[in-house]
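Spelled out, the chains give:
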Amino acid sequence: MPLPKILTVVQARMGSSRLPGKVLLPLAGEPLLLRMVQRVQRARLAGTVAVATTADAADDAIAELCAAHGLECFRGDALDLLDRHYQAARHYGADVVLKIPSDCPLIDPAVIDEVVGFYLDFTERYDFVSNLHPATFPDGNDVEVMPMTVLETAWREAQRPLEREHTTPFIWENPGRFSVGNVEWDAGLDYSMSHRWTIDYPEDYDFIKAVYEALYPTNPTFGLSDILALLEKRPDIAQLNARYAGVNWYRNHLDELKTVDSSQTRTL
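Not measured: the values here are computed from a predicted model.

Novice: Got a minute to help me understand the packing of helix α8 (residues 202-215) against helix α9 (residues 224-233) in this structure?
Specialist: The relative placement of two packed helices comes down to the angle between their axes together with the axis-to-axis distance. Taken N-terminus to C-terminus, the directions of α8 and α9 make an angle of 100 degrees; their axes are 11 Å apart at the nearest point. Taken as axis vectors, α8 and α9 run roughly perpendicular relative to one another. Each of F207, V211, A214 and L215 in α8 lies in contact with α9, whose residues at this interface are D226, I227, L230 and L231. When grouped by side-chain class, the residues that make up the contact of α8 with α9 number seven nonpolar, no polar and one charged.

What follows is the structure, encoded as structure tokens:
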């Protein structure tokens, strides 16, 4: 059976209240967003990889970066991420859509393939598959997969601000309506609250930059196990952003979310 037309959407914007312009910060001599897209493109099952940014003038820099490096770029609504993902999927004629945020510059392509592969093996069983419900991988390996039909249903029906802003909660918050599958880390460990590999604060950039400086020059395709081995040898790197481990967007919406509780987030 031929593979469906897969689109991976990497959402990115220049605006960030805590770390403005983080997606263009330098990593091993190139902008962070470019380094991340290169990692995503190494996944066998990523299909077409497109950066989805906003139509705001502030994000012209992202569109210019994509043009300079031959990356697909789609521009849409600044605040309604669900609409941006849906319109990008329509634009590229996608059958299956992957959502990966641009704050995951250490994402492992093998993790992407594992989650997408699971979805493709069980398309008849699941409407939505991720490695986030519950999360077990180190934070920053976020992969969510859904068919276009389910994304379109969410786009048509989702009303709450958090459902529009975070794209997929309408789906995974309704397990009675949608069949939700989850891929757990086969190491049998849960590092989701203890290992923070995502970027939102200056200390996160210090951590990611240190990882790249240690691994990239000799092994540009380094993966999850290489990072863990490095942190074992260099606990000082892990300490750079340890104070933010477990901090995520859930903390601001615990009163609204039904399928997430306080054990899956932490306040500062």
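Following the structure, the description resumes.
Novice: Explain the packing of aromatic side chains here, please?
Specialist: The description of an aromatic ring pair rests on the distance of the ring centres and on the angle between the ring planes. In total, this model carries 13 aromatic pairs according to the counting rule given. Taking 4.0 Å as the distance between ring centres and 20 degrees as the angle between the ring planes, the aromatic pair formed by Y86 and W155 counts as stacked. A residue pair is termed long-range when its members are at least 10 positions apart, and Y86 in helix α3 (residues 81-91) and W155 in helix α5 (residues 148-157) qualify at 69 residues. Taking 4.8 Å as the distance between ring centres and 45 degrees as the angle between the ring planes, the aromatic pair formed by F118 and F122 counts as tilted. The partly exposed category is assigned to F122, whose relative accessible area is 27%. Pairwise contacts between aromatic rings join F118, F122 and Y126 into one cluster. Here R39 stacks its cationic end above the ring of F222, 4.4 Å away from the centre of that ring.

Conventions adopted
- Residues numbered from 1 in each chain as written.
- Predicted model: local features only at pLDDT ≥ 70, side-chain atom pairs only at ≥ 80, totals over all residues.
- Heavy atoms only, no water.
- Axes fitted to C-alpha atoms, helices over the stretch in contact; angles between N-to-C directions.
- Helix = DSSP H or I, 4+ residues; strand = E, 2+ residues; numbered from the N terminus.
- Parallel < 35°, antiparallel > 145°, perpendicular 65-115°, else oblique.
- Contact = heavy atoms within 4.5 Å.
- Nonpolar A, V, L, I, M, F, W, Y, C, P; charged D, E, K, R; others polar.
- Phe/Tyr/Trp six-rings, centres within 6.5 Å; stacked < 30°, edge-to-face > 60°.
- Buried < 20%, exposed > 50% of the residue type's maximum accessible area, 1.4 Å probe, protein only.
- Lys NZ or Arg CZ within 6 Å of the ring centre and 35° of its normal.

Interpretation in functional terms is not warranted from these geometric data alone.
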